[in-house]
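# Examination of the molecular architecture
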Amino acid sequence: MKKIAMITGATSGIGEACARKFAKGGYDIIITGRNAERLKAVEEELTQQGTKVLSLLFDVRDREAARQAVDSLPMDWRNIDVLINNAGLALGLEPEYEGDMDDWETMIDTNIKGLLTMTRLIVPRMVERNLGHIINIGSVAGDAAYAGGNVYCATKAAVKTISDGLRIDLAHTAVRVTNLKPGLVETHFSNTRFHGDDERADKVYRGIKPLTGDDIADTAFYAASAPAHVQIAEVLILATHQANGSVVYRS
């Protein structure tokens with residue numbers, strides 16, 4: 001029987017890349033997202049390549065919608081082997097004392113609460129089977145704050161702590177936990193952060209060759225493919241000319 005990977009926020013960026021990578025690696029794929037059109041497009045692409053795909057349309061911020069989506073899974077889709085908690089975003093880059101409170105709530109509800117919701121809904125069955133792997137997409141921003149990052153950095157620091165805590169809670173089982181911490185990845189991340197300001201978003205990646213979603217997907221698949229006795233607990237993934245969350249050399 002094929003393994004099953006569930007990927008949240010799979011309609012773009014790292015999530016979409018993970019869906020392609022795990023599909024190519026022989027997994028059946030459950031993809032989730034808020035954009036029905038993009039979700040359908042990804043499903044059709046993977047299906048045409050011979051992958052068995054199930055799409056779930058919901059927002060991880062909506063706990064009840066998430067619960068209903070998981071409860072709707074057919075029996076042959078319920079034994080999820082890999083959960084990739086990818087859904088997340090950054091909004092704004094203002095000083096904390098000038099930040100948009102609605103942006104704060106969206107980041108906290110998505111990056112922290114959404115991740116917790118999916119973990120709570122999926123992991124108990126992994127524990128019952130004594131088999132599974134949770135891959136959380138954190139960030140270099142979770143290691144140290146940078147100017148304007150305040151709340152976003154705090155949410156990714158929470159992802160690290162939540163991952164560490166879950167790993168402790170699961171130490172008596174064979175279920176593994178990985179926290180991936182990307183640096184600059186060229187996706188729609190910055191367009192979202194700057195509320196659709198493409199010119200400002202482009203400047204984030206100017207003068208440096210950033211990572212791609214595929215780079216992070218490769219690392220996620222590597223972690224999932226490690227021998228059962230090997231737990232890749234945490235990986236910091238940076239572009240060659242990025243030293244940390246705030247030091248970047250640009251040509």
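Scroll up to find the structure this text is about.
In what follows, the accompanying structure is described. These numbers were taken from a predicted model, which means no experiment stands behind them. (Residues numbered from 1 in each chain as written. Predicted model: local features only at pLDDT ≥ 70, side-chain atom pairs only at ≥ 80, totals over all residues. Heavy atoms only, no water.)

Time to look at the packing of helix α4 (residues 101–129) against helix α5 (residues 150–169). Two elements in contact, α4 and α5, have axes separated by 9 Å at closest approach and are oriented at 15 degrees. Taken together, the axes of α4 and α5 are roughly parallel relative to one another. The two elements α4 and α5 cross, and the hand of that crossing is right-handed. Residues W104, M107, I108, N111, I112, L115, L116 and T119 of α4 pack against N150, V151, Y152, T155, K156, A158, V159, I162 and L166 of α5. Residue composition of the contact of α4 with α5, grouped by class: twelve nonpolar, four polar and one charged. (Axes fitted to C-alpha atoms, helices over the stretch in contact; angles between N-to-C directions. Helix = DSSP H or I, 4+ residues; strand = E, 2+ residues; numbered from the N terminus. Parallel < 35°, antiparallel > 145°, perpendicular 65-115°, else oblique. Left-handed = near helix turned anticlockwise from the far one by under 90°. Contact = heavy atoms within 4.5 Å. Nonpolar A, V, L, I, M, F, W, Y, C, P; charged D, E, K, R; others polar.)

Attention now goes to the packing of aromatic side chains. Tallying each qualifying case throughout the model produces four aromatic pairs. Considering the side-chain rings of Y27 and F221, the 6.2 Å spacing of their centres and the 75 degrees angle between planes classify their relative orientation as edge-to-face. With Y27 in the loop between α1 (13–24) and β2 (28–33) and F221 in helix α8 (residues 213–225), this pair connects stretches of sequence that are 194 residues apart. When sorted by exposure, Y27 lands in the same class as F221, which is buried. Three or more aromatic residues joined by ring pairs form one cluster here, namely F22, Y27 and F221. Above the face of the Y152 ring, R193 is positioned so that its terminal group lies 5.3 Å from the ring centre. (Phe/Tyr/Trp six-rings, centres within 6.5 Å; stacked < 30°, edge-to-face > 60°. Buried < 20%, exposed > 50% of the residue type's maximum accessible area, 1.4 Å probe, protein only. Lys NZ or Arg CZ within 6 Å of the ring centre and 35° of its normal.)

Further remarks concern the sheet that holds strand β5 (residues 133–137). Strands belonging to one sheet form pairs held by backbone hydrogen bonds; the direction of such a pair is parallel or antiparallel. One open sheet accounts for seven strands, arranged β3-β2-β1-β4-β5-β6-β7; its pairing is parallel. Of all the strands in the sheet, just β3 (53–57) and β7 (234–237) have a single pairing partner and so form its edges. Adjacent strand axes in the sheet meet at a mean angle of 15 degrees when their direction is disregarded. Where β5 lies against strand β6 (residues 176–182), five bridges are found, and the strand directions are parallel. Looking at β6, one finds that I135 is bridged to T178. (Pairing = 2+ DSSP bridges.)

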